Amino acid sequence: QVQLVESGGGLVQAGGSLRLSCAASGRTFSSYPMGWFRQAPGKEREFVAAISGYGGNTYYADSVKGRFTISRDNAKNTVSLQMNRLKPEDTAVYYCAVDLDQRYATVVLTTEAQYDYWGQGTQVTVSS
């Protein structure tokens, strides 16, 4: 059974940092693309960052570029999102996702429909 579990969310002041982690289980995830999305209250879920299988390629939404870093540890089956210089507009529930149908290890995926497994989300709140 494939399962993704996010952790690391919380309340932080603007300008602060948080590190989110997503622990994957039920499969070996190393060759599959993974990503982070977020959903703020009253808004649609949006893309944040993506990483290819084996971690060779990454891609970021313009709103987080230069502040967030996605990485993966395939030995531990985890993907992380280091978030620095946080802003109140970063407040959202953050979700990790994986595409286990992907045959190409080098692609990065930026849309929800491309992912087939999702975690339950972790809340990030940034106060001003």
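A. Summary view of the sheet that holds strand S3 (residues 18–25). Sheet architecture is open: four strands sit in the order S1-S3-S8-S7, paired in antiparallel fashion. Either end of the sheet is taken by a strand with one partner, and the two such strands are strand S1 (3–7) and strand S7 (68–73). When the angles between neighbouring strand axes are averaged without regard to direction, this sheet yields 15 degrees.

B. Up close: the side chain of Asp90. When you line up the elements, Asp90 lands in the loop between strand S8 (78–83) and strand S9 (92–98). Among the polar contacts made by the side chain of Asp90, one reaches the side chain of Arg38 at a distance of 2.9 Å.

C. Focus on the packing of aromatic side chains. Applying the stated criterion across every chain, the model contains five aromatic pairs. With a centroid separation of 6.1 Å and an interplanar angle of 65 degrees, the aromatic rings of Tyr115 and Trp118 are classed as edge-to-face. We classify Trp118 as partly exposed; its relative accessible area is 25%. Taken together, the ring pairs in this structure connect Phe37, Phe47, Tyr59, Tyr115 and Trp118 into an aromatic cluster. Here Arg45 stacks its cationic end above the ring of Tyr95, 4.7 Å away from the centre of that ring. Its guanidinium or amino end placed over the ring of Trp118, Arg45 lies 3.9 Å from that ring's centre, counting from NZ or CZ.

D. Molecular detail of the pattern of salt bridges. Using the criterion set out here, one finds five salt bridges in the structure. Among the ionic pairs, Glu112 bridges to Arg45, the shortest N-O distance being 3.0 Å. You can see Glu112 sitting in the loop between S9 and strand S10 (117–118) and its partner Arg45 sitting in the loop between strand S4 (34–39) and strand S5 (46–51), a full 67 residues away along the chain. Judged by relative accessible area, which is 32%, Glu112 ranks as partly exposed. Residue classification places Arg45 among the partly exposed residues on the basis of a relative accessible area of 24%.

E. Fine view of the state of the cysteines. In the structure shown here, the tally under the stated rule is one disulfide. One disulfide bridge connects Cys22 with Cys96, the sulfur atoms lying 1.9 Å from each other. Because the sign of the S-S torsion sets the handedness, a value of about 50 degrees for the bond joining Cys22 and Cys96 places this disulfide among the right-handed ones. Of this pair, Cys22 sits in strand S3 while Cys96 sits in strand S9; the two residues are 74 residues apart in sequence, bridging distant segments of the chain. The two residues Cys22 and Cys96 agree in class, both being buried.

F. Geometry of the environment of Val107. With respect to the helices and strands, the residue Val107 is situated in the loop between S9 and S10. The exposure class of Val107 is partly exposed, given its relative accessible area of 24%. Beyond its immediate stretch of four places on either side in the chain, Val107 contacts Pro33, Ile51, Ser52, Gly53 and Gln102.

Analysis parameters
Residues numbered from 1 in each chain as written. Predicted model: local features only at pLDDT ≥ 70, side-chain atom pairs only at ≥ 80, totals over all residues. Heavy atoms only, no water. Pairing = 2+ DSSP bridges. Helix = DSSP H or I, 4+ residues; strand = E, 2+ residues; numbered from the N terminus. Axes fitted to C-alpha atoms, helices over the stretch in contact; angles between N-to-C directions. Polar contact = N/O pair within 3.5 Å; in protein donor to acceptor, adjacent residues only side chain to side chain. Phe/Tyr/Trp six-rings, centres within 6.5 Å; stacked < 30°, edge-to-face > 60°. Buried < 20%, exposed > 50% of the residue type's maximum accessible area, 1.4 Å probe, protein only. Lys NZ or Arg CZ within 6 Å of the ring centre and 35° of its normal. Salt bridge = Lys/Arg side-chain N within 4 Å of Asp/Glu carboxyl O. Disulfide = S-S within 2.5 Å. Contact = heavy atoms within 4.5 Å.

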